[in-house]
Amino acid sequence: MGLNKEAIKIGFAYVGSVVGAGFSTGQEVMQFFTPFGLWSYIGVLISGFILGFIGRQVAKIGTAFEATNHESTLQYIFGEKFSKVFDYILVFFLFGIAVTMIAGSGSTFNQSFNIPTWLGALIMTIIIYLTLLLDFNKIVRALGIVTPFLIIMVILIAVYYLFTGDISISQVNSTVPETSAWKGIFWGLVYGGLAFAVGFSTVVAIGGDASKRRVSGAGAMFGGVIYTILLALINFSLQTEYPKIKNADIPTLDLANSINPWIGLVLTIIMLAVMYNTILGLCYSFAARFTEPYSKKYHIFIIIMMIAAYVLSFVGFADLINVLYKFMGVVGMFIVVAVLIKYFKRKNDDKKHIA
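This is a predicted model, so every value here is computed, not measured.

Asker: Mind showing me how you'd approach the overall build of the chain here?
Answerer: Secondary structure assignment for the chain yields 16 helices and zero strands. By the compact-globule yardstick of 20 Å for 355 residues, the chain fits well, its C-alpha radius of gyration being 20 Å. Across its three principal axes, the chain shows a C-alpha extent of roughly 55 × 50 × 35 Å. Counting all 355 residues of the chain, 56% fall into the buried class. In the chain, the proportion of contacts linking residues at least 24 apart, taken out of those at least 6 apart, comes to 84%. Accessible area for the chain stands at about 15,100 Å²; split by element, carbon and sulfur atoms hold 67% of it.

Asker: Got a minute to help me understand the packing of helix H4 (residues 40–65) against helix H10 (residues 181–209) in this structure?
Answerer: Geometrically, a packed helix pair is captured by the angle between its two axes and the distance between the axes. In the contact formed by H4 and H10, the axes pass within 8 Å of each other and the chain directions differ by 25°. With respect to H10, the element H4 is oriented roughly parallel. Our pair here, H4 against H10, has a crossing hand that is right-handed. Tallied by class, residues from the contact of H4 with H10 come to 15 nonpolar, 11 polar and no charged.

Asker: Whenever I open this one, empty space enclosed by the protein confuses me. Can you help?
Answerer: Using a probe with the size of a water molecule, rolled over the atoms, empty space left in the structure can be pinpointed. If you walk through the whole model with that rule in mind, you get three cavities of 30 Å³ or more. By volume, the largest cavity amounts to about 90 Å³. Lining the largest cavity are 11 residues, with Val18, Glu28, Leu194, Val198 and Tyr325 positioned closest to its centre. Residue assignment for the lining of the largest cavity shows that the elements contributing at least two residues are helix H5 (71–113) and H10.

Asker: What is the right way to read the layout of surface pockets from this model?
Answerer: Looking at the second largest pocket, its volume works out to about 160 Å³. Forming the walls of the second largest pocket are Gln57, Lys60, Ile61, Ala64, Phe65, Tyr76, Arg213, Val339, Lys342, Tyr343 and Arg346. Listing elements by their share of the lining of the second largest pocket, those giving two or more residues are H4 and helix H16 (317–354). With five residues, H4 is the single largest residue contributor to the lining of the second largest pocket. Here the residues of the lining of the second largest pocket are counted per class, giving six nonpolar, one polar and four charged.

Asker: I tried to follow the packing of helix H8 (residues 147–164) against helix H14 (residues 261–290) on my own but got confused; where do I start?
Answerer: Where H8 meets H14, the axes come as close as 10 Å, and the angle between the chain directions of the two elements is 140°. Overall, the two elements H8 and H14 adopt an arrangement that is oblique. You can see that H8 and H14 cross each other, and the crossing is left-handed. The residues of H14 that touch H8, namely those facing Thr147, Phe149, Leu150, Met153, Leu156 and Ile157, are Ile263, Val266, Leu267, Ile270, Val274 and Asn277. Classifying every residue of the contact of H8 with H14 gives 10 nonpolar, two polar and no charged.

Asker: I'm lost on the packing of aromatic side chains in this one. Help?
Answerer: Aromatic ring pairs: the centre-centre distance and the angle between the two ring planes describe each pair. Inspection of the entire model under this criterion finds 22 aromatic pairs. Here Phe78 and Phe86 contribute two aromatic rings whose centre-to-centre distance is 4.2 Å and whose plane-to-plane angle is 5°, an arrangement assigned as stacked. Residue Phe78 shares its accessibility class with Phe86, and that shared class is buried. For the ring pair Phe286 and Phe290, a centre distance of 5.4 Å and an interplane angle of 75° mean the geometry is edge-to-face. In this pair, Phe286 and Phe290 are both assigned in helix H14, four residues apart and thus about one turn of the helix distant. Overall, the relative accessible area of 13% leaves Phe286 in the buried class. In this structure Phe290 comes out as partly exposed when scored by relative accessible area, which is 32%. Within the aromatic cluster, the residues linked to one another by ring pairs are Phe32, Phe33, Phe186, Trp187 and Tyr191.

Asker: Looking at this structure, how should I read the environment of Gly120?
Answerer: Mapped onto the fold, Gly120 is located in helix H6 (residues 117–132). Sequence separation between Gly120 and Ala103 is 17 residues; the distance between their C-alpha atoms is 8.7 Å. Excluding its chain neighbours within four sequence positions, the residues that come into contact with Gly120 are Ser105, Gly106, Phe109 and Ile115.

Asker: How should I be thinking about the pattern of salt bridges in this particular structure?
Answerer: Side chains that differ in charge, positive against negative, can pair when their charged atoms come close. The tally for this structure, following the rule as stated, stands at six salt bridges. Residue Arg289 is joined to Glu71 by a salt bridge in which the shortest nitrogen-to-oxygen separation is 3.7 Å. Of the two residues, Arg289 sits in helix H14 while Glu71 sits in helix H5, which places them 218 residues apart along the sequence. Of the residues examined, Glu71 reaches a relative accessible area of 23% and is grouped as partly exposed. The shortest N-O distance in the salt bridge between Asp87 and Arg289 comes to 2.5 Å. With Asp87 in helix H5 and Arg289 in helix H14, this pair connects stretches of sequence that are 202 residues apart. The buried category is assigned to Asp87, whose relative accessible area is 2%.

Calculation criteria
Residues numbered from 1 in each chain as written. Predicted model: local features only at pLDDT ≥ 70, side-chain atom pairs only at ≥ 80, totals over all residues. Heavy atoms only, no water. Helix = DSSP H or I, 4+ residues; strand = E, 2+ residues; numbered from the N terminus. Rg over C-alpha atoms; globule rule 2.2 N^0.38 Å. Buried < 20%, exposed > 50% of the residue type's maximum accessible area, 1.4 Å probe, protein only. Contact = heavy atoms within 4.5 Å. Areas by Shrake-Rupley, 256 points an atom, 1.4 Å probe, with all protein chains shown as cover. Axes fitted to C-alpha atoms, helices over the stretch in contact; angles between N-to-C directions. Parallel < 35°, antiparallel > 145°, perpendicular 65-115°, else oblique. Left-handed = near helix turned anticlockwise from the far one by under 90°. Nonpolar A, V, L, I, M, F, W, Y, C, P; charged D, E, K, R; others polar. 1 Å grid on protein atoms, 1.4 Å probe; cavity = no way out; pocket = protein on both sides within 12 Å on 5 of 7 lines; lining within 4 Å. Points joined across faces, edges and corners; volume = space filled by probe spheres on them. Phe/Tyr/Trp six-rings, centres within 6.5 Å; stacked < 30°, edge-to-face > 60°. Salt bridge = Lys/Arg side-chain N within 4 Å of Asp/Glu carboxyl O.

Rendered as structure tokens:
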């Protein structure tokens, strides 16, 4: 994979921008994977392939164009006409998911610390605004810093339930409601599209800031591997306790609290940090699409953007997820297919030139 310090930083930042509130809480995993039993792990691998291999291609394109936003990359993938359509769809939904994460942070503050939802969302909004004033290298560092802690926590929970879970691997398929191979594959594709769409603009910008295409590509691939392992471990933990947590709003927190309340507290802090990561990556990408980063227009834009995001977050966390996520997954799959077509076309052209 050719990893160096820069590539590892890129990988952690990429994962940090993707694993938002739904992933770390286990709610997304519960909806897209857990009910389909052992077949869900095919979906996990498909989703990981999308984030790793397709992310690698996009990161390298971002490096080649020295991109600061996703506009030039979309033009390369789709051409002038269709790129505009996906540009505006992505911009709209990326901002919508950032709003969803702000709402989620308000809910998490309320559930874990009894802080009013409006105040929790406001705290997150102010922290994001202050971070957006920093230069991009510091933003990438902020995106990646929490990922190792999330990895440690997820491994800890998974290992604990490997030995103490009520349901063994051999019993999973007889416990969950559906053991459909096709659903496992289908929802793995949709979830991979969702995760990729969420991380698309950020990985383009990270690629644009990288020193070499090889480095940005290796970093994105490394991020995809980390993401796949985390996804499989969270899914496994949820399946071992499925009857107990199938209706939980934050299933991973229930698992952590069952081990020890202090572990639940640590996981809560990590979840808030993960939400911060996702909101930060999405908001930077959104602002960079319409303004030159750190210009006067950028500073005015991020003030208006964060006020709008805070106000819209009052629609509610669950309602926003229900409306946005599955549609965003389909949009992501269109981009994935387009990247693959471009990849194979370029490979074919290279062979013709050699011949």
